[in-house]
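One-letter residues, chain by chain:
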Amino acid sequence: MNITPLNTTDYDHIVFFTGAGMSAESGVPTYRGSGGIWHEYRWEDYASQEAWKRNPDKVFDFHDERRKEALKCNPHAGHEVIALLEQDHPDVSVVTQNIDGMHQRSGSRKVTELHGSIWRIRCEEEGVIHEDMNPGPYAARKCNCGAWLRPDIIWFSDYLNPNILSQADEIVSRADLFISIGTSGVVWPAAGYPQLAKSGGAKLIEINPEPTELSHLYDQIYPDKAGKVLQKLFDLLHLNIT
Ligand code: APR
């Protein structure tokens, strides 16, 4: 595939909008498509407030597994490209649907997590969010106040955190280069971001081996894997990670 590297100085506000396909090359399973988590697990039983209320231990076991899997994996060259760009360019942001913390592990600092994080937990009784970077299962399933804790993740039917949402809206609206990587584009409100960026005049690029429901919006499409395309697109092939 022929990829002409981008000149990053042509753009003032670069946004990477990422989904599960961004972490796929690190070994983290996606949600849909072959090997997708939602083929093995019914989200109704593991990723909803109702499921957690019904059986918190079952939901915790599932998310403990996600934490274990994420820790077995490492950021790949594509993550590194994004983190390096942030150091070299005044305005590079990541808006991600991923909850695995992989962008931060590769060094990205400006990361907006739309769907929360498996590395945080909250007590809804006290309204407090705690980091839980314990390398393994969540350190505790119950709060000191006696209430059940809850992974700080946006599950199906949950509202997104309004502060995170307005931060993401603001970042995406001012983008002049918007690069979508590894998302099927079917989960809202995240699926509205490509159109929001387009309405703001951004150039839109999609990186995904498969066509998506939103492919028609993009100015350029690279139907290949994230790591390879990102290295070529930003001329950082010397990272040489496959
Ligand atoms: N590089 C780029 N894209 C890839 C790669 C890769 N190496 N491997 C797979 N993909 C693409 C797939 O073709 C698919 O379009 O990644 C996409 C993953 O789609 P989903 O599994 O639907 O993940 P995502 O879009 O992030 O899901 C959104 O759904 O279940 C919820 O909350 C969960 O955040 C998640 C949301």
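Residues numbered from 1 in each chain as written. Predicted model: local features only at pLDDT ≥ 70, side-chain atom pairs only at ≥ 80, totals over all residues. Heavy atoms only, no water.

J.: I'd like a description of the site of the ligand, backed by residues and values.
T.: R32, W38, T183, S184 and N208 are the nearest of the 22 residues found near the ligand. Contact between the ligand and R32: an oxygen atom at 2.7 Å from a side-chain N or O atom of the residue. Here an oxygen atom of the ligand sits 2.7 Å away from a polar atom, N or O, in the side chain of N208. For the ligand, the protein covers 90% of the area, taking 740 Å² as the surface of the free molecule. When residues of the shell around the ligand are assigned to their parent elements, the largest contribution, 3 residues, is made by helix α1 (residues 20–24). Formed jointly, the shell around the ligand draws a minimum of three residues from each of two domains, domain 1 (1–27 + 75–115 + 160–242) and domain 2 (29–72 + 117–153). (Near = heavy atom within 4 Å. Polar contact = N/O pair within 3.5 Å; in protein donor to acceptor, adjacent residues only side chain to side chain. Areas by Shrake-Rupley, 256 points an atom, 1.4 Å probe, with all protein chains shown as cover. Helix = DSSP H or I, 4+ residues; strand = E, 2+ residues; numbered from the N terminus. Domains from an automatic or database assignment.)

J.: How would you summarise the packing of helix α6 (residues 77–88) against helix α10 (residues 226–233) if you had to cite specific residues and measurements?
T.: Contact geometry for α6 and α10: axes closest at 7 Å, N-to-C directions at 35°. Of the two elements, α6 crosses α10, and the hand of that crossing is left-handed. Residues A77, G78, V81 and I82 of α6 form the contact with α10, whose participating residues are G227, L230 and Q231. The residue makeup of the contact of α6 with α10, split by class, is 4 nonpolar, 3 polar and no charged. (Axes fitted to C-alpha atoms, helices over the stretch in contact; angles between N-to-C directions. Left-handed = near helix turned anticlockwise from the far one by under 90°. Contact = heavy atoms within 4.5 Å. Nonpolar A, V, L, I, M, F, W, Y, C, P; charged D, E, K, R; others polar.)

J.: I'd like a rundown of the side chain of R67, residues and numbers included.
T.: The topology assignment puts R67 in helix α5 (residues 56–72). Once residues within four sequence positions are removed from consideration, R67 is found in contact with I118, W119, D132, M133, N134, G136, P137 and Y138.

J.: So what about the environment of G182? Which residues, and what values?
T.: Inspection of the secondary structure puts G182 in the loop between β7 (177–181) and α9 (193–199). Taking relative accessible area as the criterion, G182 reaches 12% and is therefore assigned buried. Residues within four places of G182 in sequence aside, it is in contact with G19, A20, G21, M22, I207 and N208. (Buried < 20%, exposed > 50% of the residue type's maximum accessible area, 1.4 Å probe, protein only.)

J.: Quick rundown of the sheet that holds strand β8 (residues 203–207)? Include the residues and the values.
T.: Read from one edge to the other, the open sheet built from 6 strands follows the order β3-β2-β1-β7-β8-β9, with strand pairing classed as parallel. Only two strands of the sheet have a single partner each, and these edge strands are β3 (111–113) and β9 (220–222). Strand-to-strand twist in this sheet, taken as the mean axis angle between neighbours without regard to direction, amounts to 15°. Examined bridge by bridge, strand β1 (residues 14–18) and β7 share 5 bridges and lie parallel to one another. Paired with T18 across the strands is I181, a residue of β7. (Pairing = 2+ DSSP bridges.)

J.: Tell me about the pairing of strand β2 (residues 92–96), and please be specific about residues and values.
T.: Here β2 lies mainly inside the structure; 5 of its 5 residues are buried. Along β2, one buried face is formed by V92, V94 and T96 and the opposite face, lined by S93 and V95, is buried too. Alignment of β1 against β2, held across 5 bridges, turns out to be parallel. Its bridge partner being in β2, F17 is matched across the sheet by V95. Pairing of β2 with β3, which is carried by 3 bridges, proceeds in the parallel orientation.

By themselves, these are just geometric observations and shouldn't be taken as functional.
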